[in-house]
Amino acid sequence: MRELPIVKALAAVEDASTLDPVVTRVQRVVDAVLAPRALRDLLHGVPAGHPLHPVLVLVPTGSWISAAVLDAMPGQERAARTLVGVGLLAVAPSALAGFADWAASHEQQKRVGLVHSAANLVATALYGASYLQRLRGRSTSAKLLGWTGLGAVGLGGFIGGHLAYRQAVGANHAEDVPHLVSPGWHEVAPLDELPDGELTGREVDGKPVVVLRRGDRAHVLSDTCSHLSGPLSDGALTTERGEACVTCPWHDSVFSLRTGEVVHGPATSPQPAFTTRVADGVLEARLPNAG
Ligand code: FES
């Protein structure tokens, strides 16, 4: 079975640098609107441990699909109108969450994300018009606008699938680490070869890690950022709530160096954190859930 032409079209959109001036303008607006970090963390889904956008889109999508079914049945005008209205009310939070994630993505993802949001904007406009027609009692045009809107929602959803599964936006990019590191203790480096109080990159069982040594103790995290694979060892050593953290150099996610927990997004999944010990002057690390 071969790919649908739309998949090839989306691959072309990934490389369509002609979209970049629009991306830059939208980015400026999103950065201004979502300036408070606590708001961005919430919209990314940091407290939930995974992106919030896919959850929030269930409300407009589900409402509009249900309205489309009711529109095909006689005597359901009032219920269908309510569902179209509920969907319209739910657009803003899901769009904000989507734009928060979009603003912290790679350029190819931003281009596709722009087309995704355009399809959803068209869908929202069609459902807005459909709702107005329902208020005016123009049932036939309201239904036609609704069904057309559902087509736009479907297109937006398809592009969202491309973003999530082909381009891995929102996925945990550190999920594979416990499957690639073998169980047990592994040598990291002689302790006195590690800089004291600075982040440094090393390998554990052939996998990159970021190490912070402080005296005769050390923290070790997987180096590949769970957000979009940025190299944490090139990041900054920071302090949050009195705890040593690493800030990713790509989109500023902040992780606790002790636990790997996400302190600030856009990452929502923790960094795999190694247990450490010093044996005969050599730092060793073990991943508790390896294998
Ligand atoms: S790769 Fe995006 S924050 Fe690390």
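The structure we're discussing is the one just above.
This report concerns the structure included in the present document.

The rules behind the values
- Residues numbered from 1 in each chain as written.
- Predicted model: local features only at pLDDT ≥ 70, side-chain atom pairs only at ≥ 80, totals over all residues.
- Heavy atoms only, no water.
- Patch = residues over 30% accessible without salt bridge, like charges linked within 9 Å, V, L, I, M, F, W, Y side chains within 5 Å.
- Areas by Shrake-Rupley, 256 points an atom, 1.4 Å probe, with all protein chains shown as cover.
- Salt bridge = Lys/Arg side-chain N within 4 Å of Asp/Glu carboxyl O.
- Helix = DSSP H or I, 4+ residues; strand = E, 2+ residues; numbered from the N terminus.
- Pairing = 2+ DSSP bridges.
- Axes fitted to C-alpha atoms, helices over the stretch in contact; angles between N-to-C directions.
- Phe/Tyr/Trp six-rings, centres within 6.5 Å; stacked < 30°, edge-to-face > 60°.
- Buried < 20%, exposed > 50% of the residue type's maximum accessible area, 1.4 Å probe, protein only.
- Lys, Arg positive; Asp, Glu negative; His and termini not counted.
- Contact = heavy atoms within 4.5 Å.
- Parallel < 35°, antiparallel > 145°, perpendicular 65-115°, else oblique.
- Left-handed = near helix turned anticlockwise from the far one by under 90°.
- Nonpolar A, V, L, I, M, F, W, Y, C, P; charged D, E, K, R; others polar.

## Remarks on a nonpolar patch on the surface
Consideration 1: A contiguous nonpolar surface patch, about 250 Å² in accessible area, is contributed by V29, V33 and L96.
Consideration 2: With respect to the helices and strands, V33 occurs in helix α2 (residues 20–33).

## Here we look at the sheet that holds strand β9 (residues 273–279)
Consideration 1: Pairing is antiparallel in the open sheet, where 6 strands are placed in the order β1-β10-β9-β4-β3-β2. The open sheet terminates on both sides in strands that have one partner only, identified here as β1 (186–190) and β2 (199–204). Put simply, the sheet's adjacent strands are angled 35° from each other on average, direction ignored.
Consideration 2: When strand β3 (residues 207–214) meets strand β4 (residues 217–222), the two strands line up antiparallel, connected through 6 bridges. Each bridged residue has a counterpart across the sheet, and for V209 the counterpart in β4 is S222.

## Details of the packing of aromatic side chains
Consideration 1: Scanning the model with the defined rule gives 2 aromatic pairs in all.
Consideration 2: When the ring of W64 is compared with that of Y127, the centres are 4.1 Å apart and the planes differ by 10°; the resulting orientation is stacked. One end of the pair, W64, is in helix α5 (residues 58–71); the other, Y127, is in helix α7 (residues 107–135), with 63 residues separating them in the sequence. Like Y127, W64 is buried.

## Considering the side chain of K143
Consideration 1: For K143, the position within the fold is in helix α8 (residues 139–166).
Consideration 2: Among buried Asp, Glu, Lys and Arg side chains, K143 stands out as unpaired, with E77 the closest opposite charge at 4.1 Å.
Consideration 3: Discounting residues that sit within four places of it in the chain, K143 has contacts with D71, E77 and R134.

## Some words on the packing of α7 against α8
Any two packed helices are characterised by how steeply their axes cross, that is the angle between the axes, and by the distance between the axes.
Consideration 1: It is at 8 Å that the axes of α7 and α8 come closest, and there the two elements cross at 165°. In terms of their interaxial angle, α7 and α8 are classed as roughly antiparallel. Crossing geometry of α7 relative to α8 is assigned as left-handed.
Consideration 2: Across the contact of α7 with α8, the residue classes tally to 16 nonpolar, 13 polar and 2 charged.

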